[in-house]
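Each chain, letter by letter, is given below.
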Amino acid sequence: MTAVESRPAGVLGTSPGHRPFGARVMAFVALTKPRIIELLLITTVPVMFLAEQGVPPLWLVLATCFGGYLSAGGANALNMYIDRDIDALMDRTAQRPLVTGMVSPRECLVFGISLAVVSTLFFGLLVNWLSAALSLGALLFYVVVYTMILKRRTAQNIVWGGIAGCMPVLIGWSAVKDEVSWAAVILFLVIFFWTPPHYWPLSMKVKDDYARVGVPMLPVVAGNRAVARQIVIYSWVMVAVSLLLTPLGYTGWFYTAVALVSGGWWLWEAHALNARAKSGVTGAKLKEMRLFHWSITYVSLLFVAVAVDPFLR
């Protein structure tokens, strides 16, 4: 792991004696990265509908969502504990709880480990042990493989580290079926190929932040043209994989229509970004965040279609 000199906790003036209870509670919530977890749940719940071919038991949906929140929250907290040195030097992470001193490193470590243990037991006892194993595997992959091994060593960090973000699809299916099917594997691969072209545009926007701390995100080590070309390649594979569900008999006309329209729009945006990069456009005119924002809309639409499709067949 690359050592980076960082500012001490509390650099923004928060001392142990001046940490209001309400602010402390919000700081611990922030450690779980709730906005990222929202995206994970968007890919979990619809898969449960597809597995059930209808409406799964409400208690099971709630239990799976809560267990998933605890697990992902634990992974995110441990990620912040490990990355606290570079977080203190990056503009986009300067307000994280460990940087401001609202939460101490020891508190964050205990909090993250506790969530990992509780979430695994919660899944095992209330859902099933396959889901518990998949949840724990995702957490360990994100913390150990991505954060500790890949992130500071290779530009492929997001590609392979993104496997952790694909696991909620398998967890959602296994929660209902207590097994994993090819439908879940296909949706896992959709998220796998979605993650790089989703995150690389954001990395293009904040590449100076990553360069400052020595994290080799692809836009740091390659030019905009190379990154945009990779985005186009992954985008085509992602859309092609998303269309496999229908010929294999898992989805019908509604999902297919949504996948074609939303995927077509994605490809339009990806090729537009590639064209701007090839022509040498930089700065605000590159408009790389257009694809980043659309990527969130795309995955939301696609997985809503996954949930709705069983009712229209």
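Residues numbered from 1 in each chain as written. Predicted model: local features only at pLDDT ≥ 70, side-chain atom pairs only at ≥ 80, totals over all residues. Heavy atoms only, no water.

## Describing the nonpolar core
Of all hydrophobic cores here, the largest spans 90 residues; its most connected members are L187, W266 and F303. Per-element accounting of this core gives the leading share, 14 residues, to helix α10 (residues 182-205). Setting aside residues no more than four positions away along its own chain, L187 makes contact with V47, L50, V169, L245, Y255, F303 and V306. Membership of the second largest hydrophobic core comes to 9 residues, among which are L31, A77, M102 and C108. (Core = buried A, V, L, I, M, F, W, Y, C linked by side-chain atoms within 4.5 Å. Buried < 20%, exposed > 50% of the residue type's maximum accessible area, 1.4 Å probe, protein only. Helix = DSSP H or I, 4+ residues; strand = E, 2+ residues; numbered from the N terminus. Contact = heavy atoms within 4.5 Å.)

## Topic: the pattern of salt bridges
Taken as a whole and judged by the stated rule, the model has 8 salt bridges. Between R290 and E269 there is a salt bridge; the shortest N-O distance is 2.7 Å. Of this pair, R290 sits in helix α15 (residues 288-308) while E269 is found in helix α14 (residues 253-278), placing the two residues 21 residues apart along the sequence. Its salt-bridge partner being R313, residue D309 comes within 4.0 Å of it at the nearest N-O pair. Look at D309 and you get buried, because its relative accessible area is 1%. In this structure R313 comes out as exposed when scored by relative accessible area, which is 52%. (Salt bridge = Lys/Arg side-chain N within 4 Å of Asp/Glu carboxyl O.)

## Some thoughts on the confidence of the model for the chain
Summary statistics for the chain give a mean pLDDT of 92 and a share of 94% for residues scoring 70 or more. In this model, residues 1-13 is a region of pLDDT below 50 whose contacts with residues beyond four sequence positions or in other chains number 30 contacts. (pLDDT = per-residue confidence, 0-100.)

## A look at the packing of aromatic side chains
Going through the model one piece at a time under the given rule, you end up with 11 aromatic pairs. When the ring of Y142 is compared with that of Y146, the centres are 5.5 Å apart and the planes differ by 20 degrees; the resulting orientation is stacked. Within this pair, Y142 and its partner Y146 are both found in helix α7 (residues 129-150), separated by 4 residues, close to a single helical turn. The same class applies to Y142 and to Y146, which are both buried. Connected via pairs of aromatic rings, a cluster forms that spans W160, F192, F193, W200 and Y234. The ring of Y81 has R84 sitting right over it, with the charged end atom 4.3 Å from the ring centre. (Phe/Tyr/Trp six-rings, centres within 6.5 Å; stacked < 30°, edge-to-face > 60°. Lys NZ or Arg CZ within 6 Å of the ring centre and 35° of its normal.)

## Details of helix α13 (residues 224-242)
In this model α13 runs 27 Å from its N-terminal to its C-terminal C-alpha over 19 residues, within 8% of the 27 Å that 1.5 Å per residue would give. Those residues of α13 that sit buried are N224, V227, A228, I231, V232, Y234, S235, M238, V239, V241 and S242. Lining the buried residues of α13 we find α8 (157-161), α10, α11 (207-212), α12 (218-221), α14 and α15. (Expected span 1.5 Å × (residues − 1).)

## Quick notes on the environment of E288
With respect to the element layout, E288 can be found in helix α15. Separated by 84 residues in the primary sequence, E288 and M204 have C-alpha atoms spaced 7.1 Å apart. Residues within four places of E288 in sequence aside, it is in contact with P201, M204, K205, L273 and G283.

## Digging into unusual backbone geometry
For D178, which is not a glycine, the phi torsion comes out positive at approximately 60 degrees. For D178, a relative accessible area of 48% translates into the label partly exposed. A positive phi angle, near 55 degrees, is found at K287, a position not held by glycine. Inspection of the secondary structure puts K287 in the loop between α14 and α15.

## So, the packing of helix α2 (residues 34-52) against helix α9 (residues 163-177)
In contact at an axis separation of 8 Å, α2 and α9 are set at 30 degrees when each is read in the N-to-C sense. For the pair α2 and α9, the crossing hand works out as right-handed. Across the interface between the two elements, L40, T43, T44, V47, M48, L50, A51 and E52 of α2 pack against G165, P168, V169, G172, W173, A175, V176 and K177 of α9. (Axes fitted to C-alpha atoms, helices over the stretch in contact; angles between N-to-C directions. Left-handed = near helix turned anticlockwise from the far one by under 90°.)

## Brief notes about the environment of K33
Along the polypeptide, K33 turns up in the loop between α1 (21-31) and α2. Using a relative accessible area of 10% as the deciding quantity, one classes K33 as buried. Counting along the chain gives 41 residues from K33 to G74, while the straight-line C-alpha distance between them is 9.7 Å. Excluding anything up to four places from it in sequence, K33 contacts N76, N79, M80, R96 and Y142.

## With respect to α9
For α9, with 15 residues, the first-to-last C-alpha span of 21 Å sits near the 21 Å given by 1.5 Å per residue. Across the 15 residues that make up α9, a large majority, 13, are buried. Where α9 terminates, the next one or two residues include D178, which has phi positive at roughly 60 degrees.

## Thoughts on a nonpolar patch on the surface
Together, V55, W253, V304, V308, F311 and L312 line one region of the surface with nonpolar side chains, adding up to about 580 Å² of accessible area. Among the secondary structure elements, V55 is positioned in the loop between α2 and α3 (58-82). The exposure class of V55 is exposed, given its relative accessible area of 57%. (Patch = residues over 30% accessible without salt bridge, like charges linked within 9 Å, V, L, I, M, F, W, Y side chains within 5 Å. Areas by Shrake-Rupley, 256 points an atom, 1.4 Å probe, with all protein chains shown as cover.)

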